[in-house]
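Per-entry structural report
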Amino acid sequence: MKSTPILIHIVEDDAFYGSLLAYHLSLNPDHQVIKFTSAKTFIFALHEKPDIVTLDYSLPDGNGDHLLAQIKEQSPDTKVIFISGQNDIKIAIDLLKKRGVHDYIVKDDDAKDRLWISVEHLKETIELKKEVDTLRNEVEKKYDFQKVIIGNSEPIRQMFNWMDKATKTNITVSVTGETGTGKELVAKSIHFNSLRKREPFLAVNVAAIPRELLESELFGHEKGAFTGAAGRRIGKFEEANKGTLFLDEIGEMDLSLQAKLLRVLQEKEITRIGSNQVLSIDV
């Protein structure tokens, strides 16, 4: 994976120790390291949205809990590593398990080496997220209405108007048209221009799935629900939860399954085959 520049903020009131950590991390040319000796100056620069922050848990003008809350509020994607002189197991466990802190390092002779390893592990996650965000932005641009659907006739302009309204609502959308007219393209354009764009988009061609398997494909099933159900299966509605599920050729469904689908759309609830548990969904 190609390395990308990583912005690291070091917050440490001991100027010598902070310089030691900064120098050690700066040995990697991909690291842009900035030192801060007070909570106040760090918070002032938090708008830079660093990739990683190392925090001294006890600063003269701010404690670790307060600074962590500030980071979560202003820069939620920033990864936090605490470096503390306190070898307090309870604090460390609370920060790691409940507060979303990546690591807790005690100041000792091995601290700078442990910090280096921790940063290297974090970089893989950060670089992957940046790549995913870049791809998402490209997809969103790709599905800009007027870039993917060419036309300026009155029906096309009316369709753009309907699509724009659909992106701003949370309603079920029916897209009609002959085969090959771009119904899935319209559905994708609505999805990637809506608030759901960060969530899954799934397309299911109903006509391409055997009727006896379609209910399981859409709603899922539990182990032993029918012959051949060797384990639990998550259906498309669950997979697409919070996102968009595009059902193509729904007219090919059995009427009984169409009725069940209508109830799902009305009640926003599904039940896997062989289960009594009702699951809330938002698609």
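Residues numbered from 1 in each chain as written. Predicted model: local features only at pLDDT ≥ 70, side-chain atom pairs only at ≥ 80, totals over all residues. Heavy atoms only, no water.

For the rest of this paragraph, the subject is the overall build of the protein. A count of helices and strands for the protein gives 11 helices and 11 strands. Burial status across the protein gives 40% buried among its 283 residues. For the protein, contacts bridging at least 24 residues in sequence account for 63% of all contacts bridging at least 6. Accessible surface computed for the protein: about 16600 Å², of which carbon and sulfur atoms make up 52%. (Helix = DSSP H or I, 4+ residues; strand = E, 2+ residues; numbered from the N terminus. Buried < 20%, exposed > 50% of the residue type's maximum accessible area, 1.4 Å probe, protein only. Contact = heavy atoms within 4.5 Å. Areas by Shrake-Rupley, 256 points an atom, 1.4 Å probe, with all protein chains shown as cover.)

What follows concerns the environment of Asp-14. Residue position: Asp-14 is located in the loop between β1 (6–11) and α1 (15–26). The spacing of Asp-14 and Asp-56 is 42 residues in sequence and 9.2 Å in space, taken between C-alpha atoms. A polar atom in the side chain of Asp-14 sits 3.2 Å from the backbone nitrogen of Tyr-17. (Polar contact = N/O pair within 3.5 Å; in protein donor to acceptor, adjacent residues only side chain to side chain.)

Another aspect to go through is the pattern of salt bridges. For the structure on display, the rule yields 15 salt bridges. Its salt-bridge partner being Glu-184, residue Lys-188 comes within 3.6 Å of it at the nearest N-O pair. Placement of both Lys-188 and Glu-184 in helix α8 (residues 183–192) is noted, with a separation of four residues, approximately one turn of the helix. Residue classification places Lys-188 among the partly exposed positions, given a relative accessible area of 21%. Because the salt bridges share partners, they merge into one network encompassing Glu-217, Arg-233, Lys-236 and Glu-239. (Salt bridge = Lys/Arg side-chain N within 4 Å of Asp/Glu carboxyl O.)

A few words now on the sheet that holds strand β2 (residues 31–36). Sheet architecture is open: five strands sit in the order β2-β1-β3-β6-β7, paired in parallel fashion. What marks the edges here is a single partner per strand, and that holds for β2 and β7 (103–106). Mean inter-strand twist for the sheet, computed between neighbouring axes without regard to direction, equals 20 degrees. As paired elements, β1 and strand β3 (residues 52–56) share four bridges and run parallel to each other. The partner of Ile-10 across the bridge, within β3, is Thr-54. Across the sheet, α1 is in contact with β1, β2 and β6 (79–84); its angle to β2 comes to roughly 175 degrees. Against the sheet, helix α3 (residues 64–74) contacts β3 and β6, and its axis sits at roughly 170 degrees relative to β6. (Pairing = 2+ DSSP bridges. Axes fitted to C-alpha atoms, helices over the stretch in contact; angles between N-to-C directions.)

Moving on: the nonpolar core. Membership of the largest hydrophobic core comes to 19 residues, with the highest contact counts inside it found for Leu-218, Phe-237, Leu-247 and Met-253. Going through the elements one at a time, β8 (201–205), α9 (211–219), β9 (244–248) and α11 (255–267) are the ones with two or more residues in this core. For Met-253, the contacting residues outside a window of four places in its chain are Val-206, Leu-214, Leu-218, Leu-247, Gln-258 and Leu-261. Counting 18 residues, the second largest nonpolar core, distinct from the first, contains Val-11, Leu-67, Val-80 and Tyr-104. (Core = buried A, V, L, I, M, F, W, Y, C linked by side-chain atoms within 4.5 Å.)

Another aspect to go through is α8. Most of α8 sits inside the fold, with seven of its 10 residues counted as buried. For α8, the full list of buried residues reads Lys-183, Val-186, Ala-187, Ser-189, Ile-190, His-191 and Phe-192.

Let's shift gears to the packing of aromatic side chains. Counted according to the given criterion, the structure contains three aromatic pairs. Relative to Phe-42, the ring of Phe-36 has its centre 5.9 Å away and its plane inclined at 70 degrees; by these criteria the two rings are edge-to-face. The exposure classification of Phe-36 matches that of Phe-42, with both residues buried. Geometrically, the ring pair formed by Phe-219 and Phe-237 is stacked, given 5.5 Å between the ring centres and 5 degrees between the ring planes. Of this pair, Phe-219 sits in helix α9 while Phe-237 sits in helix α10 (residues 236–239), placing them 18 residues apart in sequence. Judged by its relative accessible area of 1%, Phe-237 is buried. (Phe/Tyr/Trp six-rings, centres within 6.5 Å; stacked < 30°, edge-to-face > 60°.)

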